[in-house]
Number of protein chains: 2
Amino acid sequence: MNHSELPPTLPQTDLTRHRRLREQGSLERAELNAILEAGFTCHLGVAVDGQTTVVPTVYGSDGQNLYFHGSVASRSLVASPHTRVCITVTHVDGLVLARSVFEHGVNYRSAMIYGIPRLVTDAEEKLAGLRCLTEQAAPGQWDYARQPNRKELAATSLLALSLENASVKVRTGAPDDGDGPDAALGTWAGVLPLTTTFGRPEADPALPEGIAAPAHIAGRAHSRAN
Amino acid sequence: MNHSELPPTLPQTDLTRHRRLREQGSLERAELNAILEAGFTCHLGVAVDGQTTVVPTVYGSDGQNLYFHGSVASRSLVASPHTRVCITVTHVDGLVLARSVFEHGVNYRSAMIYGIPRLVTDAEEKLAGLRCLTEQAAPGQWDYARQPNRKELAATSLLALSLENASVKVRTGAPDDGDGPDAALGTWAGVLPLTTTFGRPEADPALPEGIAAPAHIAGRAHSRAN
């Protein structure tokens, strides 16, 4: 992946400035890319006929763009290239259990990307973007499965959102009330970690016997997904 | 929980009608409640100064309302009671690996709730809402940890979004191309399941020795979080 064209520091604009919880913000583009590479689902926020909608969808990122796709008939995709959207990728890493309810929270890594998406019309970029998106969720599948034909490509809209204008927030570690007056309460405090893992592949019941899951799928069982 | 006041069938409005993928929609309020009860983080979509933003946050649901909260200074929370927001809760259950790239997808359960949130000003409802929210993430913590004092309550905005206008989408099961021409390719197809689980509690390093995690926390280790 070529991350060289975008500056290593994220821009501080009115949108992405960390007004609160400054300690949770990051201006490192490397951290943005790490968060994006660790996942494959995001939430797309877009105004459709004046109503904000938040749609879960899959994505691929190559350091320059975040690619997302859907049916050419999808309302949220049709609306996207004409309006400023926000795409958010979040990994929830743990419950922060403090001495006081007020200090309870979540350990997480989150990236928010702002901009007006571009409808990808160039045939070569469209194929590369779909490959990026497929490989992000399921490395090895682009070459293993049947690639999209002309009719399928025509039925699919691919959109690219530049990673230029992005914001990163991360929280890690113990609760914040370990050195305050509540520390004397004798209450247990700490973190209950959360992990998302792949299970063992479940074959389609329609699959004929004797077709084993290939290594690029079977090898992910019990591995971390975020 | 009292689910009795809202009708058992979700409304079909212009917003929530399932235009595409009809087979993935559900109009059962029970299914909405099950999806909400299975999680504790959501994505709040709200227009802030005309820009759509999507913010991850925690929530609690009691069958009537989805409660979410934050600092009284939070821009997304300040904007929320004046505009139509969308809150989406998504559980990703597996990767759908089909014979063709085009049929690849995700098994998921997702709820989208639309409306104008209400700032909770009644002291009793505010406490009940914060309790609901805390207990949804960490059952047992409201009574175990120190409850919010007057100053902390004043620093916290609690918002309630009615569950009246909601949309549910669910995908389960094998890929859809098991009975098409691609089934003859001999390609493995199926689902790679995804599960989110709690790990063992990690004590705050600032905690004095001899304070064990209580059963309502320690007992969640290795249990499913969604």
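Scope of this entry: the structure provided in the associated data block. (Residues numbered from 1 in each chain as written. Chains lettered and ligands numbered in written order. Predicted model: local features only at pLDDT ≥ 70, side-chain atom pairs only at ≥ 80, totals over all residues.)

**Topic: the pairing of strand β4 (residues 65-71) of chain A**
Residue and element names in this part refer to chain A. Burial within β4 is extensive, with six of its seven residues counted as buried. In this sheet, β4 lies alongside strand β3 (residues 51-61) in antiparallel orientation, the contact comprising three bridges. Residue pairing in the sheet places Ser-61 in a bridge with Leu-66 of β4. (Buried ≥ 20, exposed ≤ 12 C-beta atoms within 10 Å, placed from the backbone. Helix = DSSP H or I, 4+ residues; strand = E, 2+ residues; numbered from the N terminus. Pairing = 2+ DSSP bridges.)

**Comments concerning helix α3 (residues 123-137) of chain A**
Along its 15 residues, α3 of chain A runs 22 Å from first to last C-alpha, staying within 8% of the 21 Å computed at 1.5 Å per residue. Taken residue by residue, α3 of chain A has Lys-126, Gly-129, Leu-130, Cys-132, Leu-133, Thr-134, Gln-136 and Ala-137 of chain A as its buried positions. Tucked inside the fold, the buried residues of α3 of chain A contact β3, β4, α4 (141-144), α5 (150-154) and β8 (156-162) of chain A together with β5 (85-97) of chain B. (Expected span 1.5 Å × (residues − 1). Contact = placed C-beta atoms within 7 Å.)

**Section: the relation of the copies chain B and chain A**
Aligned on chain A, chain B shows an RMSD of 0.0 Å; the corresponding rotation is 180 degrees and the shift along the axis is 0.0 Å. The relationship between the two copies is best expressed as a two-fold rotation axis. Residue Thr-196 of chain B, judged by its C-alpha, is the member of chain B lying nearest the rotation axis, at 2.1 Å. Interface overlap between copies: 100% of the residues of chain B at the interface are likewise at the interface in chain A, consistent with a symmetric, same-surface contact. (Least-squares fit on C-alpha atoms with pLDDT ≥ 70 in both.)

**Remarks on the interface of chain B and chain A**
Taken together, the contact pairs 83 residues of chain B with 83 residues of chain A. Elements represented by at least two residues in the side of chain B that touches chain A include exactly β2 (41-48), β3 (51-61), β5, β6 (105-115), α3 (123-137), α4 (141-144), β10 (190-198) and β11 (202-203) of chain B. Considering every element that reaches the side of chain B that touches chain A, the biggest residue donor is β10 of chain B, with nine residues. Of the residues that constitute the side of chain B that touches chain A, the class distribution is 47 nonpolar, 24 polar and 12 charged. Relative to β11 of chain B, strand β10 (residues 190-198) of chain A is paired through two bridges, and the arrangement is antiparallel. (Nonpolar A, V, L, I, M, F, W, Y, C, P; charged D, E, K, R; others polar.)

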